[in-house]
Amino acid sequence: MNNRIIAVRTVGVAAATVLVALFVHVYGVMQANWLQYGLRIDLACLPFPTTFFHRYSFLGYVLPLAALLSILLGKNAREEKPSHGDAFFWLVGIVALAWLFASILSWQLPLYYPVAVIR
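Below, the structure is looked at part by part. Treat the numbers as computed from the prediction; the structure is a model and nothing was measured.

1. Concerning the overall build of the protein
Thinking step 1. Counting its regular elements, the protein contains five helices and zero strands.
Thinking step 2. Ordering the α and β elements of the protein from the N terminus gives α-α-α-α-α.
Thinking step 3. Of all 119 residues assigned to the protein, the portion counted as buried reaches 34%.

This is the structure:
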């Protein structure tokens, strides 16, 4: 495959993963504010997946760096068979989609499970 095509594809995936990481971060902040100030729910009693994405949503910014790292792994682009860089490239894309969907689903958990003390 042409090196230019590989570079464009990798930069495209890096840009997409930046957008995914930014969305997860901003969505988490907005949902936390809505739960805390809109619904008056204490954020200390959130379910575990929601707490994870509330505290560690910034970890998604590692994904663009991993996508750009696939350029280094895919140096042997002159061969016809797929290289390790291609497999790593697809792995980063799948992990980014899983990060996005897990974040959206985890922020829906406090709406379905009682997280506030009812008196």
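2. A short note on the environment of A14
Thinking step 1. Looking at where A14 falls in the secondary structure, it is placed in helix 1 (residues 3–38).
Thinking step 2. With 53 residues separating them in the primary sequence, A14 and A67 have C-alpha atoms 5.3 Å apart.
Thinking step 3. Apart from the residues within four sequence positions on either side, A14 is in contact with P64, A67 and L68.

3. Focus: the side chain of S106
Thinking step 1. Looking at the element boundaries, S106 is found in helix 4 (residues 84–106).
Thinking step 2. Those residues in contact with S106 that sit more than four places away from it in its chain are P49, T50 and F53.

4. Let's talk about the side chain of T10
Thinking step 1. Inspection of the secondary structure puts T10 in helix 1.
Thinking step 2. With relative accessibility at 2%, the residue T10 sits in the buried group.

5. Section: the packing of aromatic side chains
Thinking step 1. Inspection of the entire model under this criterion finds six aromatic pairs.
Thinking step 2. Aromatic side chains F23 and Y27 sit 5.4 Å apart centroid to centroid with 15° between the ring planes, which places their arrangement in the stacked category. Pair noted here: F23 and Y27 are both in helix 1, with a separation of four residues, about one helical turn.
Thinking step 3. Exposure remark for F23: the relative accessible area of 37% places this residue in the partly exposed category.
Thinking step 4. Members of the aromatic cluster, joined through ring pairs, are F52, F53, Y56, F58 and W99.

6. What about the environment of V24?
Thinking step 1. Looking at the secondary structure, you find V24 in helix 1.
Thinking step 2. For the pair formed by V24 and I104, sequence separation is 80 residues and the distance between their alpha carbons is 7.8 Å.
Thinking step 3. With residues near it in sequence (within four places) discarded, V24 still touches F53, S57, W99, L100 and S103.

Parameters at a glance
Residues numbered from 1 in each chain as written. Predicted model: local features only at pLDDT ≥ 70, side-chain atom pairs only at ≥ 80, totals over all residues. Heavy atoms only, no water. Helix = DSSP H or I, 4+ residues; strand = E, 2+ residues; numbered from the N terminus. Buried < 20%, exposed > 50% of the residue type's maximum accessible area, 1.4 Å probe, protein only. Contact = heavy atoms within 4.5 Å. Phe/Tyr/Trp six-rings, centres within 6.5 Å; stacked < 30°, edge-to-face > 60°.

So yeah, pure geometry; function would need other evidence.
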